[in-house]
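Analysis of the macromolecular model
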Amino acid sequence: MILDMDLRTWIGSTHGLVGIPCILMPTFMQWRGRKLSFILTCLLIIIGWAWTAAASNATHIIIGECFHGLGAHSLVIVSNCVISETFPPNIRTVTMAAYIVSQSFGMSMVSIIGRFVYWKTVGWIMSVPILVALLISCMSPETPCWLAWKGYDDKCAKALKWLRGTGDDVERELNALLCAQKENKAFTKSIRKRNNFKDLLSQISRRDFYVPALHTFVYFWTFYWSGTMVVIIYAMEIIRKSTSNETAAFYCMIFVDIVLFIGCLSGTFLLNSFKNKSILLTSQISSATILLISAATTYLQTKEVISKDSIFLVYLIVAFVLSYNFGMSTLTFSMPIELMPLKHRGIGGALYVIFIGTLHSASLKISPYMFQYIDLWGTFLIYAINAMFGAYYVHTYVPETKGRSLHEIERYYNSGRFITYEKDNENCEDISL
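Note that the coordinates shown come from a computational prediction; the quantities given were computed from them, not determined experimentally. (Residues numbered from 1 in each chain as written. Predicted model: local features only at pLDDT ≥ 70, side-chain atom pairs only at ≥ 80, totals over all residues. Heavy atoms only, no water.)

1. Considerations on the overall build of the protein chain
Tallying secondary structure elements over the protein chain gives 21 helices and zero strands in all. Relative to a compact globule of 433 residues, whose C-alpha radius of gyration would be 22 Å, the protein chain shows 23 Å and is just as compact. Considered along the principal axes of its C-alpha atoms, the protein chain spans approximately 70 × 45 × 45 Å. Looking at the protein chain alone, contacts between residues at least 24 apart form 81% of all its contacts between residues at least 6 apart. With an accessible surface of roughly 19,200 Å², the protein chain has 66% of that area assigned to carbon and sulfur atoms. Here the protein chain carries 36 positive and 29 negative side-chain charges, and the mean point of each set is 4 Å from the other. (Helix = DSSP H or I, 4+ residues; strand = E, 2+ residues; numbered from the N terminus. Rg over C-alpha atoms; globule rule 2.2 N^0.38 Å. Contact = heavy atoms within 4.5 Å. Areas by Shrake-Rupley, 256 points an atom, 1.4 Å probe, with all protein chains shown as cover. Lys, Arg positive; Asp, Glu negative; His and termini not counted. Charge placed at Lys NZ, Arg CZ, Asp CG, Glu CD.)

This is the structure:
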């Protein structure tokens, strides 16, 4: 298909824009549960792949992207929510990072396969993993947090036992979970007695809502506007513009696809040994440094100090993909889920979707025009500034969440310190499995 730049940018950015209606998914999850929500998102993605595989023109591809965007953005919300609510605190972040690793593996594989296999065949191949996920979800239990939220205490205890087994730690976690949900239900009942506008004002004015909401926005702003998705989607165009070398652009894209997976995988191993903030800060600072070097390189190329056919930028792009994937990719989407208290996940999840959808689409739609009007060096410089801002914000304002339960993180915003299970359970009824 012969596509102009405007149409190509719409194909790249539609995926994020159509994800905005997913603001209804957190409300649906609170109403009907995480399990049914996951099943519905799987069906949307399957429809998207089938439509793409049957496409005969660009319009059909965009329609397929609409299903992909709606399903994939919903899947991010549901999957991260399920992981945060079912896995123990000591491996929760690593498991959420493993989700990003599997996603990066899929991105790498579909990109590499697509260079050697007919693209419609790729659509059918990529339907298989989501079909497997659909079958697994049908055999899995509902999350203990949602069951406790709905007041199904016995089912909550059984689900937690199915996930964790038995032991004193599990009993303490169950006590804290049920105690927290009693407080959440009391909060919900109290605001329902007032009108909806006052309910909203009461919720968004709470410190344990607006602080994690601001953290979430900065996480996603830094991720998208430091060029992470742009480099993945437009790597070939960037290399062509900087080297005028088609062969270098082709092989660079393959290396980028491979490094994308390696970076995310290495980040998962790093999470076992280092704190979340340390990994994220290292990733942001190293990414900003590489972007600054890239800006200087492309600027010198415009002044012909460096040869215009130099492939040095190819190595910088591969290094950049590695540096942001071991930290920013593995933590940007998981940490906001941990930071947002359960009682605010309705509106908090809506903001999560809006931030992802608008920033994803804006970065992919605008960046090609930035390449054209302020050149590559100006674009890389803007990306570097955003990455440095994100590193400063995370270092100064975001708390460390590794090894903390969701209840401890929730209490942190109002008390200014983490409260452990033992201290919190003193005022809670003891509940045995």
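2. What about the pattern of salt bridges?
The final tally for this structure, using the stated rule, is three salt bridges. Salt-bridge contacts for R34 lead to E85; the nearest nitrogen and oxygen are separated by 2.7 Å. One end of the pair, R34, is in helix α3 (residues 34-53); the other, E85, is in helix α4 (residues 58-86), and 51 residues separate them in sequence. The class of R34 is buried, set by a relative accessible area of 2%. Of the charged contacts in the structure, one is a salt bridge between D208 and R206, with a shortest N-O distance of 3.1 Å. By relative accessible area, D208 is classed as buried at 0%. (Salt bridge = Lys/Arg side-chain N within 4 Å of Asp/Glu carboxyl O. Buried < 20%, exposed > 50% of the residue type's maximum accessible area, 1.4 Å probe, protein only.)

3. Let's talk about the nonpolar core
Counting 89 residues, the largest nonpolar core has I317, V321 and F333 as the members making the most contacts within it. When residues of this core are assigned to their parent elements, the largest contribution, 11 residues, is made by helix α16 (residues 312-332). When residues no more than four places from it in sequence are discounted, the contact partners of I317 are V231, I238, I239, C252 and V256. Core analysis: the next-biggest nonpolar cluster, separate from the first, contains 13 residues, W146, C156, A157 and L342 among them. (Core = buried A, V, L, I, M, F, W, Y, C linked by side-chain atoms within 4.5 Å.)

4. A look at unusual backbone geometry
Here E304, not a glycine, exhibits a phi torsion of approximately 65 degrees, which is positive. Structurally, the position occupied by E304 is in the loop between α15 (276-302) and α16. Phi angles above zero are rare outside glycine, and D375 is one such case at about 70 degrees. Locating D375 in the fold gives a position in helix α19 (residues 375-397).

5. Side note on the packing of helix α13 (residues 228-243) against helix α14 (residues 246-271)
Their axes nearest at 9 Å, the elements α13 and α14 cross at an angle of 145 degrees. Two packed elements cross with a definite hand, and for α13 against α14 that hand is right-handed. Within the contact between the two elements, α13 uses I232, A235, M236, I239, R240 and T243 and α14 uses E246, A248, A249, F250, C252, M253, V256 and L260. Class assignment of the residues belonging to the contact of α13 with α14 gives a composition of 11 nonpolar, one polar and two charged. (Axes fitted to C-alpha atoms, helices over the stretch in contact; angles between N-to-C directions. Left-handed = near helix turned anticlockwise from the far one by under 90°. Nonpolar A, V, L, I, M, F, W, Y, C, P; charged D, E, K, R; others polar.)

6. Structural notes on the confidence of the model for the protein chain
Mean pLDDT over the protein chain works out to 82, with 90% of the residues at or above the 70 mark. Element-level pLDDT for the protein chain is lowest in helix α21 (residues 421-424), with a mean of 51, against a maximum mean of 95 in α19. In this model residues 428-433 is a low-confidence stretch, pLDDT under 50, and it forms 14 contacts with partners more than four residues away in sequence or in other chains. (pLDDT = per-residue confidence, 0-100.)

7. Brief notes about empty space enclosed by the protein
Counted according to the given criterion, the structure contains three cavities of 30 Å³ or more. Taken as a whole, the second largest cavity holds about 190 Å³ of empty space. Counting only elements with at least two residues in the lining of the second largest cavity, the list comes to α2 (24-32), α4, α12 (207-224), α17 (335-339) and α18 (345-373). Considering each element in turn, the lining of the second largest cavity owes the most residues, seven residues, to α18. Residue composition of the lining of the second largest cavity, grouped by class: 11 nonpolar, five polar and two charged. (1 Å grid on protein atoms, 1.4 Å probe; cavity = no way out; pocket = protein on both sides within 12 Å on 5 of 7 lines; lining within 4 Å. Points joined across faces, edges and corners; volume = space filled by probe spheres on them.)

8. Looking at a nonpolar patch on the surface
On the surface, L292, Y299, L300, V305, W377, L381, I385 and M388 cluster together to form a nonpolar patch covering roughly 670 Å² of accessible area. Secondary structure elements with two or more residues in the nonpolar patch: α15 and α19. Of all the elements, α19 adds the most residues to the nonpolar patch, at four residues. Within the element layout of this structure, L300 appears in helix α15. Residue classification places L300 among the partly exposed positions, given a relative accessible area of 31%. (Patch = residues over 30% accessible without salt bridge, like charges linked within 9 Å, V, L, I, M, F, W, Y side chains within 5 Å.)

9. Brief notes about the side chain of T95
Take T95: it is sitting in helix α5 (residues 89-113). Residue class for T95 comes out buried when judged on its relative accessible area of 18%. With residues near it in sequence (within four places) discarded, T95 still touches I83 and F87.

10. Thoughts on α4
Here α4 spans 41 Å end to end across 29 residues, near enough to the 42 Å set by a 1.5 Å rise per residue. For α4, the N-terminal capping position is held by N57, with its side-chain oxygen 3.1 Å away from the main-chain nitrogen of T59. (Expected span 1.5 Å × (residues − 1). Polar contact = N/O pair within 3.5 Å; in protein donor to acceptor, adjacent residues only side chain to side chain.)

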